[in-house]
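Chains, contacts and geometry: an overview
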Amino acid sequence: DCPGTGSGQAGRAVACQGCPNQRLCAAGAAAPDPAEAGELRERLRGVKHTVLVLSGKGGVGKSTFSALLARGLAADEAKQVALLDVDICGPSIPKMMGLEGEQVHQSGSGWSPVYVEENLGVMSVGFLLSSPDDAVIWRGPKKNGLIKQFLRDVDWGEIDYLIVDTPPGTSDEHLSLVQYLGAGHIDGAVIITTPQEVSLQDVRKEINFCRKVKLPIIGVVENMSGFVCPKCKNESQIFPPTTGGAEKMCQNLNVSLLGKVPLDPLIGKNCDIGQSFLSEAPESPATSSYRDIIQRIQEYCDQHHFQEEKSI
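It should be emphasised that the depicted structure is a prediction, and the values quoted were computed from it without experimental measurement.

Looking only at helices and strands, the protein features eleven helices and twelve strands. For 312 residues, the compact-globule formula gives about 20 Å, and the C-alpha radius of gyration of the protein, at 19 Å, lands near that figure. Projected onto its principal axes, the C-alpha positions of the protein cover 60 × 45 × 45 Å. When the 312 residues of the protein are sorted by exposure, 51% land in the buried category. Counting every atom, the protein has about 14600 Å² of accessible surface; 48% of that belongs to carbon and sulfur. In the protein, which carries 29 positive and 38 negative side-chain charges, the distance between the mean positions of the two groups comes to 7 Å.

Right, let's get into the UniProt feature "domain: AAA+ ATPase" (unreviewed entry) in the protein. With numbering matched to this structure, UniProt assigns "domain: AAA+ ATPase" (unreviewed entry) to residues 48-204. Counted over residues 48-204, helix gives 31% and strand 25%. Its end C-alpha atoms are 29 Å apart.

Now for the side chain of T166. Along the chain, T166 turns up in the loop between β7 (159-165) and α6 (172-181). Within the local environment of T166, its side chain forms a polar contact with the backbone oxygen of V53, the two atoms lying 2.7 Å apart. Contact partners of T166, with chain neighbours within four places excluded, come to V53, L54, K62, V86, D87, H174 and L177.

Here the focus is the nonpolar core. Membership of the largest hydrophobic core comes to 87 residues, with the highest contact counts inside it found for F65, I163 and I297. Setting aside residues up to four positions removed in sequence, I297 forms contacts with V51, F65, L69, V190, I218 and L258.

For the rest of this paragraph, the subject is unusual backbone geometry. Positive phi outside glycine occurs at M224, with the angle close to 55°. Within the element layout of this structure, M224 appears in the loop between β9 (217-222) and β10 (227-228). One non-glycine residue, N254, lies in the positive phi region at around 60°. Inspection of the secondary structure assignment puts N254 in the loop between α8 (245-253) and β12 (257-260). On the accessibility criterion, N254 (70% relative accessible area) is exposed.

Turning our eyes to something else, we now look at the packing of helix α5 (residues 140-153) against α6. Taken N-terminus to C-terminus, the directions of α5 and α6 make an angle of 35°; their axes are 10 Å apart at the nearest point. Here α5 and α6 pass one another in a crossing that is right-handed. Facing α5, whose interface residues are G140, K143, N144, I147, K148 and L151, α6 presents D172, E173, S176, L177, Y180 and L181.

Take the pattern of salt bridges next. Under the criterion given, the structure shown has ten salt bridges. Between E42 and R45 there is a salt bridge whose closest N-O contact spans 2.7 Å. A residue is classified by how much of its surface remains accessible, and R45, at 59% relative accessible area, is exposed. The closest approach of N and O atoms between E100 and K95, which form a salt bridge, is 3.3 Å. Taking relative accessible area as the criterion, E100 reaches 43% and is therefore assigned partly exposed.

Before going further, it helps to spend a moment on the environment of A183. In this fold, A183 is placed in the loop between α6 and β8 (188-193). Spatially, the C-alpha atom of A183 lies 28 Å from that of V136, the residues being 47 residues apart in sequence. The residues contacting A183, other than those within four sequence positions of it, are A37, L40 and R41.

A surface patch of like charges, here negative, comprises D76, E77, E117 and E118. Structurally, E117 can be placed in strand β5 (residues 114-117). In this structure E117 comes out as partly exposed when scored by relative accessible area, which is 48%.

Its place among the elements puts A74 in helix α3 (residues 62-74). Distance from A74 to H174, taken between C-alpha atoms, is 25 Å for residues 100 residues apart in sequence.

Before going further, it helps to spend a moment on the pairing of strand β2 (residues 81-85). Side chains on a regular strand alternate between the two faces of the sheet. Within β2, five of the five residues are buried, which leaves the element mostly enclosed by the surrounding structure. On β2, burial covers both faces: V81, L83 and D85 on one face and A82 and L84 on the other are all buried. Pairing geometry for β2 and strand β6 (residues 120-124), over five bridges, is parallel. Within β6, the residue paired with L84 across the bridge is M123. Bridging between β2 and β7 involves five bridges; their strand directions are parallel. Looking at β7, one finds that L84 is bridged to V164.

What counts as what
- Residues numbered from 1 in each chain as written.
- Predicted model: local features only at pLDDT ≥ 70, side-chain atom pairs only at ≥ 80, totals over all residues.
- Heavy atoms only, no water.
- Helix = DSSP H or I, 4+ residues; strand = E, 2+ residues; numbered from the N terminus.
- Rg over C-alpha atoms; globule rule 2.2 N^0.38 Å.
- Buried < 20%, exposed > 50% of the residue type's maximum accessible area, 1.4 Å probe, protein only.
- Areas by Shrake-Rupley, 256 points an atom, 1.4 Å probe, with all protein chains shown as cover.
- Lys, Arg positive; Asp, Glu negative; His and termini not counted.
- Charge placed at Lys NZ, Arg CZ, Asp CG, Glu CD.
- UniProt positions renumbered as here; feature names shortened; annotations may be inferred.
- Polar contact = N/O pair within 3.5 Å; in protein donor to acceptor, adjacent residues only side chain to side chain.
- Contact = heavy atoms within 4.5 Å.
- Core = buried A, V, L, I, M, F, W, Y, C linked by side-chain atoms within 4.5 Å.
- Axes fitted to C-alpha atoms, helices over the stretch in contact; angles between N-to-C directions.
- Left-handed = near helix turned anticlockwise from the far one by under 90°.
- Salt bridge = Lys/Arg side-chain N within 4 Å of Asp/Glu carboxyl O.
- Patch = residues over 30% accessible without salt bridge, like charges linked within 9 Å, V, L, I, M, F, W, Y side chains within 5 Å.
- Pairing = 2+ DSSP bridges.

The structure is reproduced here in structure tokens:
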């Protein structure tokens, strides 16, 4: 088992062999120092629930899910929602949220998020680039520094849900997030996959990563799960689940399957123009799936929060 990044054996234990973060842990760079942890804890004090959206595979719809999860939660005007995009090399959240060209403003209390609605704020490296086509060519330490800055210096205020969209993989950014957010509170991770085995292979690695770093897994979402023809209503399997898909994988690994989202061409179209698919296509089977999944995530977070308060 992972000895933990705060252990003297971090990066040196037998269990660390083969871990992609072994060198980072052994160098002692994985965990924030006590002063940094205190700053992060103070800044994140007003965050009630934190949900990470992960996937070992690129192109499975992780950013799309993050954007729609944030929009779905913010549909309740009584809830304050924040969406943090830490996919530093491929920040797509500004476009999906209709915020391209917006810039971050700084005040005495820190960076201010860019708001889609009064109760939905967004932060992304995309707001810091002079052009959406600019390449971010950074090594790991600089990426980690920006993640820390987003968590420490952004004036999130009092929020009910912080949704964090992450890059694919199990590397520096993911380890840094778990460590920095550990100073506050993490409800868990939602892991996104598609039905085919080539995606499930990488998702199994992501589940293994979560277990090694003691990150709770809220559940798995199978994206692009079939295609329902809008005219004839027949369903086709665009990505055949040759090994049983996410459902079989979840059974084998004892992980919850939150739901399956079918393909709908309007999802991509709405993301390209920065509109909410949930409100633009309320009758779509995909919208129904999203709403069910979002409700399950809310129920998990509420139960998790209740159990923590009870233990206190």
